[in-house]
Amino acid sequence: MADHPPPRPPFSPRLWPQWLGLGLMVAAARLPWWLQRRLGAAIGGLARHLARSRREAARTNLALCLPELDAAARETLLRAHFRDVGIGLFEFARAWWGEVAPMRANARIEGLEILQRLQAEGRGILLVSGHFMTLEICGRLLCDHVPLAGMYRPHRGPVLEWAVRRGRLRYASAMFANRDTRGALRHLKGGGILWYAPDQDMRGKDTVFAPFFGIPAATITATHQFARLTGCAVVPFFHRREGDRYLLRVGEPLAPFPTDDAVADSTAVNAAIEAMVRQAPSQYLWLHRRFKRQPDGASRYR
């Protein structure tokens, strides 16, 4: 069932390192929020020096997507990005295994009435966002107000897969692996709300090339297909951290959507996510090699 975690992996010697890592993450999730922010900033700064390939991927993405910034401004943004990545690690852990009372007290949510109106109409809702570092903590905060299910990519390690699913199901109404499209379709047809981030190059999936920051980007067509097959509303969902506060903003449904053109629909989705990124650029996941595949088959952006 989509709303139940997998059986707990055995505590065998082969899995001891994974269990140890999980214990450290759970302990980190329960540190005071002020300490998590400081440790996260320090860890992010260290990662910027050590993770050379990811640093260069982020630097390439920033140069492609934000050419209006000069080199010095992009380097400043790169440093801020790694700081936010480090803080985001603690936000993920706290969302899964910690308490969110400090965040809940300082969260501002805009547009809940849009979700309530669509629910009253009996429509399924596909909440579309990007891979921001705040996605997990803000997803949990939104679950205080609406029953929210999510789609995710399963983890390779069985211990982390079990622990993350178990943690997410403390607040999400259901979790669907990205291969469980039938379950996701049933959820939307039944009037459910599903959170989804279609802004990564998912190799092997049905994709088209649609512009993202004016650059062709391999974009999965699932958003177009979900809307076409279920009649759900496709609703932008923006979220960001503002100091020690959070802003969650639900937008009006994309319209017209869906059309008969998967490329046009994917372009509209990418444009919505691009607008979100421009509001909180340091908190977007620039480490992903978004433009590695190109229409001519080249891999020039590594």
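Structure shown above.
Residues numbered from 1 in each chain as written. Predicted model: local features only at pLDDT ≥ 70, side-chain atom pairs only at ≥ 80, totals over all residues. Heavy atoms only, no water.

Draft legend 1. Expanded view of the side chain of Arg94. Within the element layout of this structure, Arg94 appears in helix H4 (residues 71-97). Here the side chain of Arg94 touches Gln36 through a polar contact of 2.8 Å, side chain to side chain. (Helix = DSSP H or I, 4+ residues; strand = E, 2+ residues; numbered from the N terminus. Polar contact = N/O pair within 3.5 Å; in protein donor to acceptor, adjacent residues only side chain to side chain.)

Draft legend 2. View of empty space enclosed by the protein. Scanning all chains against the criterion turns up two cavities of 30 Å³ or more. Space inside the largest cavity adds up to approximately 70 Å³. Forming the walls of the largest cavity are Asn61, Cys65, His131, Asp199, Gln200, Phe212, Tyr284, Leu285, Trp286, His288, Arg290 and Phe291. Here the lining of the largest cavity is composed, by residue class, of six nonpolar, four polar and two charged. (1 Å grid on protein atoms, 1.4 Å probe; cavity = no way out; pocket = protein on both sides within 12 Å on 5 of 7 lines; lining within 4 Å. Points joined across faces, edges and corners; volume = space filled by probe spheres on them. Nonpolar A, V, L, I, M, F, W, Y, C, P; charged D, E, K, R; others polar.)

Draft legend 3. Structural context of a nonpolar patch on the surface. A cluster of nonpolar side chains, namely Leu39, Ile43 and Leu89, defines an oily patch on the protein surface of about 240 Å² accessible area. Tracing the sequence through the fold places Leu39 in helix H2 (residues 33-50). (Patch = residues over 30% accessible without salt bridge, like charges linked within 9 Å, V, L, I, M, F, W, Y side chains within 5 Å. Areas by Shrake-Rupley, 256 points an atom, 1.4 Å probe, with all protein chains shown as cover. Salt bridge = Lys/Arg side-chain N within 4 Å of Asp/Glu carboxyl O.)

Draft legend 4. Spatial organisation of the packing of helix H3 (residues 52-65) against H4. Between H3 and H4, the shortest axis-to-axis distance is 10 Å and the interhelical angle comes to 130°. With respect to H4, the element H3 is oriented oblique. Handedness of the H3/H4 crossing: right-handed. Packed against H3, whose contacting residues are Arg54, Arg55, Ala58, Arg59, Leu62 and Ala63, the element H4 presents Arg74, Glu75, Leu77, Leu78, His81 and Phe82 at the interface. Tallied by class, the residues present in the contact of H3 with H4 amount to six nonpolar, one polar and five charged. (Axes fitted to C-alpha atoms, helices over the stretch in contact; angles between N-to-C directions. Parallel < 35°, antiparallel > 145°, perpendicular 65-115°, else oblique. Left-handed = near helix turned anticlockwise from the far one by under 90°. Contact = heavy atoms within 4.5 Å.)

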